[in-house]
Every structure is written in C-alpha cells, then in structure tokens.
2 protein chains.
Amino acid sequence: MPSKTKKITTSVLPGFMELLPADQILFNKMLSIIRDTYESFGFIPLDTPAIERSEVLLAKAGGETEKQIYRFSKGDNDLSLRFDLTVPLARYVSEHFSNLTFPFRRYHIAKVYRGERPQKGRYREFYQCDIDIIGNGTLSLVNDAEILTIIYDVFKGLGLPDFKIRISNRKLINGLLKSLDLKDQAVEVMRIIDKIEKVSPKETKQNLLDIGLSKDKVEKIWEFVGIKGDVKKVLKDLAGMGQKDELFKTGLKELTEVINYIELLGLPVSAYGLDLSIARGLDYYTGTVYETILEDYKEMGSVCSGGRYDNLAENYTSQKLPGVGISIGLTRLFSRLKEAGLIQSGAASPARVLVIPFNQEVTSAALSLGRKLRSSGLATEVYLEEAKFKNKLSYANKLGIRYVVLVGEDEIASSLWTLKDMETGKQQQLATKELIAELKRV
Amino acid sequence: MPSKTKKITTSVLPGFMELLPADQILFNKMLSIIRDTYESFGFIPLDTPAIERSEVLLAKAGGETEKQIYRFSKGDNDLSLRFDLTVPLARYVSEHFSNLTFPFRRYHIAKVYRGERPQKGRYREFYQCDIDIIGNGTLSLVNDAEILTIIYDVFKGLGLPDFKIRISNRKLINGLLKSLDLKDQAVEVMRIIDKIEKVSPKETKQNLLDIGLSKDKVEKIWEFVGIKGDVKKVLKDLAGMGQKDELFKTGLKELTEVINYIELLGLPVSAYGLDLSIARGLDYYTGTVYETILEDYKEMGSVCSGGRYDNLAENYTSQKLPGVGISIGLTRLFSRLKEAGLIQSGAASPARVLVIPFNQEVTSAALSLGRKLRSSGLATEVYLEEAKFKNKLSYANKLGIRYVVLVGEDEIASSLWTLKDMETGKQQQLATKELIAELKRV
C-alpha cells in the first residue's frame, strides 16, 4: 500500500485575494476597462519594481505605514514592498526627470502591499489603479476638472449604478481653521470631520468639543460642514460666509473654476456634487479633493479618491512638482461589488468557441479548423482529450462556452461543420466561411 | 537662502528593470500580443499572490533557489516572494481542484523574484508569461503538439525573425542512459549535454570522460546527441539506433506522434526541428521538451522553453496531475531584443491625437472636442497648460503624437477644426464628423 506523505497547506494566506476562473475573468475585464479609459485620455503606462529601498518608501511615511510594511534584507540592502504607487511615482519622476515630458501623465495599475491586521474588506495585497498628472513647476487647474471627467468615464464604463463624485477643496477647511486659530489642531479636527458619515452629527459635534474647541468655533465649523445643496447653492453659501482668510478665498476661487469647467463639459449634474466634509486624510492634499460613492451603497465608502498636491517629490528632488491624481482600489472594490451582487461573473474561459472532434482520428482536422477560426479573430479552444461525447459537451457547459463546433467523419467528407448553440440547442451545418461569418455575427 | 536638505537616492536597485515611457509602451505591446495569443487558444487568466508561505515555495526547491529567494516574516508567518509561476500553479490547482474543470488550461503573466547576483541579462524581478495545460489523471499527447503551435503563433505575432522551436523528448536520453547503466549519473551527464552549445564538442566529450564514463559509453551518447537533420531523418536515425530500452522506445513513439500532428497542422518546416541535446534542467520534465532560439542570435539562448511533466503537484495533493507548458521570460527577452536592435520603441504616449487650444479662453471647447474624439474610440489628449504655441506643438513631437487638432476662436466660429499632421506638416480644416472619419482613416 502506498504511504500517504503529509501534504503542505495550500490555502491562500489570510488577507490575500485569489479568484476562481470566472471571477478572474470578470476582474480582468474591469481592470481592462479602467486601463482603456486611462489610455483614452493619453495616460502613459508605468511599471516600477514592487521592491524598493526602505529609505525611499519610508521617507515620508508615518508610524502606521511603517508598521504595515513588508520589510526584509537581501545582502546589504534594506528592502520593502511598496505600499502605494505614489511614492514609486515620486521616485521615478525624480530619477528620470530629464527624460520625461511635462505635464507627465501616467497611469499605473499594479499590486501594492500592506501587512494590516486582516479584516473584512481589507487586503494585504491589492491592486491600485492610479492616474496622476505631474507639472514641472506649475500645473493648470483645468486638470482638476479633467480628472473628474475621467472618474466619470471609468465608472460609466464599469456600468455601475448611480455613482456620485464628491468634490471639495482643502484650502477651504484649512483656511477656515486658520481663521479660527485652530491650525495646530487641524489634523485632529479633520480626522473627526472625515468620520462624519460614520458617526452621528451629534456625536461629531461632541467629539469636536471634546478635543477642547470652544462652542463658538464648533458652530463655525458646523456651519461650514453643514452647507449642502446643488453646486450653485453651495458656492453661494460659501461666499456668503464672509470669510476673509486668503487661503479660504483662494480655495473658493479654485473650486468655482473647477466646477465651471465641469459644467461646460456637460456631465450630468447627478454625477457630481460638492461635499465640504471631505478632508481626505491629513496633510498630503492641498487643493481639490475627490471621493466617489455609490449612492445606494454609501457604506462601501469612497471607491475612487484623490486630489491635488503642491509637491510630489520633495524628499527626492529639489524640482517643484505639483500634481493631481486619483486612485481606485480595485481588489476591495471588486470584493464589495461582488458581495452586493452588483457584478456577476459569466464564462470561465476566454474562448468563444469549442471545437470538438468526435474521436482521435479527426483530431488534426479539428486542430486545423481551430487555427482557421483563430486567425479570423475568434478565440477558439479545441477539445483534445479522449472522452465520451457527452462529457465533451459538458466541458463546454462548465466553462460557459456557448458555441460548439462538431467535427466528425461526415463533417470532413461534406466540408460542412456542425455548429451547436449550447444555450438554445440549435444546430446548423455550415461551410468554414459561413461558420466564421455566423460566429462573428452572434 | 533655502537650505538644501539631503535627498534620498532614487536610482533603481541593481537587477531591477525600469523603463522610460516609449520603452514601456513597447514592452506592454509585446505583453499584450502574448496575452492575446494565449487567450485566443482559450487559456484562462490566473492571478495568484506574489507572497506565498515559504514551505509552499520551498517544498521542491533545491539549494540554489533557496539561496535566491526573498524570504521574510510578518507576524508568525514565514513568507517568500514567488520565484516562478509553476509552484503557485501547483498550489492553486491543489487548493481549488474541485472547483476547476479539467483539462485546466491557464495562462499567468506576472512578475517573479530571484535575488541572484546581478549580472548582464539577469534580473531579480522579471515577467514570466506562462501557459500550462493540466490533466486530471491523464492528458493527451496532442496537447504537446498544440503547445508548439502556440509558441509559433506568439513569435510570429511578435514579428521576430527566423525563430526555431527545438523539440526533443526526455524519455529518449533517460532511456539511453538507463540502457548504459548510467541512471545514477544522469543528472551530471545532462548538465554537461545541456551546455553543448556553449562549450566545444571536443570539450563536452572530455567532460563526459572526466566524470568517469567509459569511452564506449561516451561514444554511445555521442552517437545519440550527434543525430541531426530534418525531422524525418532524425526519427529514422533514432529508430536505427536499435535501442531496446522501453523508455527510449516510448520516447521515440511520443516524439513521432507529436511531429505527425505538427506536420498535419502545416507549420512551416523551418519553424521547428528536433534537437536531441535539449535536456531542460534536471528531473522536472518527463516527456516532450521545447526550446526556442532566434536563428541569428543563438547566443541569447532559449527565449521560450517548457515541456511535459508527469505530476504537477505531488507535494500538495494526492491527485495525479500531468501537464505540459511553456514559459517566456519577457523581461530578459525584451532587454536582449532591444540590445540587438530587433525591436524599436515608437511613441511615448498612447494618445493618437493631441487637441491644442490656442489659449485658455477656448479650453472648454478643446475639452469638449476631446470628449467627442474619445467617444469615437480615438485616444485623445487635450493640452491644458498655458504655454507658447511652439511649445505646445513641441509637446506633441516629444511624445510622438502624430496628429494635432488646433482649436482657436476662428475654429469655434466656423465649426471647422484644423488637423495638422506633424510628420508631413499638412493641414486641413474639417468639421467634427469629417475630422473623426479622417483620424480613423489615417
């Protein structure tokens, strides 16, 4: 009797996503819609190593990032896996500055790594789909409007229901806090405001009082965050606040200009709106900020975020490189959409057609026909195993390949192939040319 | 005066490839030709984590692999970066066995990691483009022929000159060595034979004598390895050796059958040939083996290799999973082809068209036109910065965007856009519809 040797665990590590074929095909389809949309706007593909020097990655990173990072040494090198695509971009642009043309528009779709404690919806390895536009010294504000149209095209392309892009400008809240003499507490205040949708308004207010803000100042912040309505009304109410702070006024001017461009571009007004509670993290962004939510699934949080920053790469270069960009965390988005039933996987094969030879004797004829279909642009698999006819058909069904072409002695003799539609059961006899035409038609 | 803070090194780590835009676009184009060819044969995309449990990766690996691996711990986990895509495939198929349909045809294009000593043409992070067909229990020999047609289609698709796929069958050499009572020295002998093209025949012979083989046995091996010519002649000469070893005879039968299928498929005879000196590593492969060389650049070594194996995943499952597959090391191939001048990069942008507004006042009109071109399927960038007209045109030139559409007050008034061909200098005035038609035509 053969001894059973102990087998090694094959389960995927917690916090890592691994998909079965049909889901993988669906995932790749979403990824390619995002890529094609980015390329349609002239964004250049970038690919940087997943491994970087730790000092590069940790130049700006705070405590949380440092804890989460996958860090290791090899020889004398202190290395880490990238935790986002922005730091590698900063390094890339600094390193290759003289070989790049500005504004530099790049997209980068790749995996990043964060060794977080595994929890629902959080991944340790996940795809980010980023675009950024980097200026050399300056970068026109029109880019901030264009980025919004790109978000719109991506989510429209993905066929997702009722999404809304929320816009704000960090200069508004920064200016407001400055005018209230709260500059030193800005980080704390924004962290509280960022959570406004997750906790109740009442609690948010209490949290602001708890960190020592006077009732007066809380009311001022409350007035600001509470401004709601269509963009025209929000812009009017912001102006009506009578803020004298220069930063605030610049923010309002920028926001108005960005909104003007968006309106001229004719995006549906339901697709975007102003939301002054968006703070987007701590001190990275300096102007326009974006978040994107699915109206009926607000609990998913933002599915595409980003904004404008003054200087991309101050740790690596003395060049001033302002930019604006967005990021889609596709791994998390995919898992949330799947869970919510908003996306469904289809076929488990990229083949459009399965050619089935009746027996081994006609295999070469089947292979030849396969080559002809393929060279007409039809993804075609030929079934090559010995099996019962029933099992060959069932293989097509399991993979979700709808069209099957049967090849037997009769077919070869008559040069007429049998095309079977597995969904309707309909069969037709067709010569090669007609077969190709029919498969391209359906 | 502002103090210059010390900047962090931004150079890429030795052994890692990072490309500038035009090269990256070329690289991606090659990658997508490979992917499309794989999909055209119905191979299913797979994506597994780059990080695996070390015990999974090292289950079968030898000393060299273990030294090269990037290994680290996070929490209680002993983790490593994958060094190939075959071990992850074995784990995947074992883990998801009951959810997969067999034969399971998958492709996987992704980065793998090997911390080798950096040397010319060797990378520590590189793309592998793999296909494998995995049978459940058995797998028909026709697959071995089909794999060869896939290699053919890939290299034809890449437009590479005079490539040749060399084929052999490991059972031949294994059988021969068994019949010579050299089974225990098989590894050593094959390592010497594998290098036959790099060292002289005379030296190879001496190397075989040096490891203690009798002159007789060396002559027998020499007779075998020396069999050359067209496939018919090689098969005849192999039969003529009068080998009685069963393994050898099976190998000859398999090879003959594979060649028969290939001939029936009508591949050009110049595209493939038999080469009995191919051993492909040590004991992984058990049947058909492939190597692909560029006839005029033999020194590049094999650019696509693979073969048949009896059992994919014995360390992880008790299922018997025979398979056949190939791998293209795209990073290395790209760098070699570039160096040899066999591939040239073109544009540094995916945009087909650059829309240039004359001034800020007409920017929205330019953005609107950009959206129209894009929705007609034309990748379009709009130039959004304030700059001298000359510099706007020069931006198009630098990125290699051939077609420029000029938008000014006159154009808006007349609804006729100016299309400029940057290569010929030719200009035409066209309404939106004609502009789109013209851009699609050229």
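Residues numbered from 1 in each chain as written. Chains lettered and ligands numbered in written order. Predicted model: local features only at pLDDT ≥ 70, side-chain atom pairs only at ≥ 80, totals over all residues. Heavy atoms only, no water.

Draft legend 1. Structural view of the overall build of chain A. Along chain A, the regular secondary structure elements total 16 helices and 16 strands. Summarising the internal contacts of chain A: among those between residues at least 6 apart in sequence, 68% fall at separations of at least 24. When the accessible surface of chain A is totalled, it reaches about 18700 Å², and 48% of it is carbon and sulfur. Side-chain charges in chain A split into 63 positive and 58 negative, and the spacing between the mean points of these groups amounts to 3 Å. (Helix = DSSP H or I, 4+ residues; strand = E, 2+ residues; numbered from the N terminus. Contact = heavy atoms within 4.5 Å. Areas by Shrake-Rupley, 256 points an atom, 1.4 Å probe, with all protein chains shown as cover. Lys, Arg positive; Asp, Glu negative; His and termini not counted. Charge placed at Lys NZ, Arg CZ, Asp CG, Glu CD.)

Draft legend 2. Focus on the sheet that holds strand β9 (residues 288–294) of chain B. Residue and element names in this part refer to chain B. Within the open sheet, the eight strands sit side by side as β1-β5-β6-β11-β10-β9-β7-β8. Their pairing is mixed. With partners counted over all chains shown, the strands left at the sheet margins are β1 (44–45) and β8 (272–274), one partner each. Both strand β7 (residues 163–169) and β9 contribute to a ladder of seven bridges, which runs antiparallel. Considered in β9, the bridge of R166 is made with E291. Relative to the sheet, helix α11 (residues 246–265) contacts β7, β8 and β9, its axis offset from that of β7 by approximately 150°. (Pairing = 2+ DSSP bridges. Axes fitted to C-alpha atoms, helices over the stretch in contact; angles between N-to-C directions.)

Draft legend 3. Here's a closer look at the packing of aromatic side chains. The tally for this structure, following the rule as stated, stands at 29 aromatic pairs over all chains. Centroid distance Y383 of chain A to Y395 of chain A: 5.0 Å. Interplanar angle 75°. Geometry classified as edge-to-face. Of this pair, Y383 of chain A sits in the loop between β13 (380–382) and α14 (389–399) while Y395 of chain A is found in helix α14, placing the two residues twelve residues apart along the sequence. Through pairs of rings, three or more aromatic residues link up here, namely Y70 and F72 of chain A together with Y70 and F72 of chain B. (Phe/Tyr/Trp six-rings, centres within 6.5 Å; stacked < 30°, edge-to-face > 60°.)

Draft legend 4. Geometry of the relation of the copies chain A and chain B. Mapping chain A onto chain B calls for a screw motion: a turn of 180° about the axis and a shift of 0.0 Å along it, with 0.0 Å RMSD after fitting. Overall, the copies show the geometry of a two-fold rotation axis. Residue F72 of chain A, judged by its C-alpha, is the member of chain A lying nearest the rotation axis, at 2.9 Å. Same-surface contact between copies: 100% of interface residues of chain A are shared with the interface of chain B. (Least-squares fit on C-alpha atoms with pLDDT ≥ 70 in both.)

Draft legend 5. Highlighting the packing of helix α5 (residues 142–157) of chain A against helix α13 (residues 363–375) of chain B. Contact pair α5 of chain A / α13 of chain B: the axes reach a minimum separation of 12 Å and the direction vectors enclose 25°. As the angle between them shows, α5 of chain A and α13 of chain B are arranged roughly parallel. In this structure, α5 of chain A meets α13 of chain B at a crossing whose hand is right-handed. Counting all contacts with α5 of chain A, which are made through V142, E146, T149, Y152 and D153 of chain A, the residues of α13 of chain B involved are T363, L367, R371 and R374 of chain B. (Parallel < 35°, antiparallel > 145°, perpendicular 65-115°, else oblique. Left-handed = near helix turned anticlockwise from the far one by under 90°.)

Draft legend 6. Main features of the sheet that holds strand β3 (residues 71–74) of chain A. Residue and element names in this part refer to chain A. If you walk across this open sheet you meet the three strands as β2-β4-β3, and the pairing is antiparallel. Two strands bound the open sheet, and with one partner strand each, they are β2 (51–53) and β3. For this sheet, the mean angle separating the axes of adjacent strands, direction not counted, is 40°. Sheet topology note: the β2/strand β4 (residues 77–81) ladder contains three bridges and is antiparallel. In the strand pairing of β4, R53 is matched with L79.

Draft legend 7. Broad picture of the interface of chain A and chain B. Chain A puts 105 residues into the contact, and the matching count from chain B is 105 residues. Approximately 8600 Å² of surface area, both sides summed, lies buried where chain A meets chain B, with 58% of it carried by carbon and sulfur atoms. Here chain A and chain B share ten salt bridges between them. The closest approach of N and O atoms between R374 of chain B and E146 of chain A, which form a salt bridge, is 3.9 Å. Counting every contact that joins chain A to chain B gives 47 residue pairs in polar contact (both at pLDDT 80 or more). At seven residues, helix α1 (residues 21–40) of chain A tops the list of elements feeding residues into the side of chain A that touches chain B. Per-class residue counts for the side of chain A that touches chain B are 51 nonpolar, 28 polar and 26 charged. (Buried area = accessible area lost by both parts, 1.4 Å probe. Salt bridge = Lys/Arg side-chain N within 4 Å of Asp/Glu carboxyl O. Polar contact = N/O pair within 3.5 Å; in protein donor to acceptor, adjacent residues only side chain to side chain. Nonpolar A, V, L, I, M, F, W, Y, C, P; charged D, E, K, R; others polar.)

Purely geometric stuff here, so don't read any function into it on its own.
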